[in-house]
Amino acid sequence: MSARHLFAAEVTDFSLGRLGATTGGLLGLAAVVIAVLALTRPAGRLGIANGPLGARAAVVAGLIAMALGALVAATADGGLGTGNGLGGAYVALLLGLAGTVLGGRALTRSRRTG
């Protein structure tokens, strides 16, 4: 067994770090999509991505994505490319931040117009 096998996960392994980073990334992506829809759609249409409900959903999903990303980044053994989910954690942090900021902007806009 080489030193590389002690630190790196195999390509086919799906560790908890990868699972947490993937979940956080998907939540961050959902937050961005919902926030953009809340910003671009008029408030009169039905749906979750409208008005304050969509904005709140985007903020909550973004905050959860950032928390998952931070947790995986803090507990990852090794650096990027070791299979511990560190790269995905950074993506989750960025998408969560973007979703939270855009959701907050949509929430501010919905309070002004509604």
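Residues numbered from 1 in each chain as written. Predicted model: local features only at pLDDT ≥ 70, side-chain atom pairs only at ≥ 80, totals over all residues. Heavy atoms only, no water.

(A) Quick peek at the overall build of the protein chain. Counting its secondary structure elements, the protein chain contains four helices and zero strands. Mapped from its N terminus to its C terminus, the protein chain presents α and β elements in the order α-α-α-α. Counting every position in the protein chain, which comprises 114 residues, the buried fraction comes to 36%. Intrachain contacts of the protein chain at a sequence separation of at least 6 include 68% that bridge at least 24 residues. (Helix = DSSP H or I, 4+ residues; strand = E, 2+ residues; numbered from the N terminus. Buried < 20%, exposed > 50% of the residue type's maximum accessible area, 1.4 Å probe, protein only. Contact = heavy atoms within 4.5 Å.)

(B) View of the nonpolar core. In this structure, Ala 38, Leu 39, Ala 55, Ala 106 and Leu 107 together form the largest nonpolar core, which totals five residues. Listing elements by their share of this core, those giving two or more residues are helix H2 (16–40) and helix H4 (86–113). (Core = buried A, V, L, I, M, F, W, Y, C linked by side-chain atoms within 4.5 Å.)

(C) Geometry of a nonpolar patch on the surface. On the surface, Leu 26, Leu 29 and Val 33 cluster together into a nonpolar patch covering about 270 Å² of accessible area. Note on Leu 26: relative accessible area 56%, which makes it exposed. (Patch = residues over 30% accessible without salt bridge, like charges linked within 9 Å, V, L, I, M, F, W, Y side chains within 5 Å. Areas by Shrake-Rupley, 256 points an atom, 1.4 Å probe, with all protein chains shown as cover. Salt bridge = Lys/Arg side-chain N within 4 Å of Asp/Glu carboxyl O.)

(D) Just the environment of Gly 62, in detail. As for its placement among the helices and strands, Gly 62 is situated in helix H3 (residues 51–75). According to the relative accessible area criterion, Gly 62 is buried, its value standing at 0%. As a C-alpha pair, Gly 62 and Val 32 span 30 residues in sequence and 7.7 Å in three-dimensional space. Apart from residues lying up to four places away in sequence, Gly 62 is in contact with Ala 31, Gly 96 and Thr 100.

(E) Structural context of the environment of Gly 87. Structurally, Gly 87 is set in helix H4. Overall, Gly 87 belongs to the partly exposed group, its relative accessible area being 32%. Considering only alpha carbons, one finds Gly 87 and Gly 69, 18 residues apart in sequence, at a separation of 9.5 Å.

(F) Here's a closer look at the environment of Gly 99. With respect to the helices and strands, the residue Gly 99 is situated in helix H4. According to the relative accessible area criterion, Gly 99 is buried, its value standing at 0%. In this structure, the C-alpha to C-alpha distance between Gly 99 and Ala 35, residues 64 residues apart in sequence, is 6.2 Å. Setting aside anything within four residues of it in sequence, one finds Gly 99 in contact with Ala 31, Val 32, Ala 35 and Ala 58.

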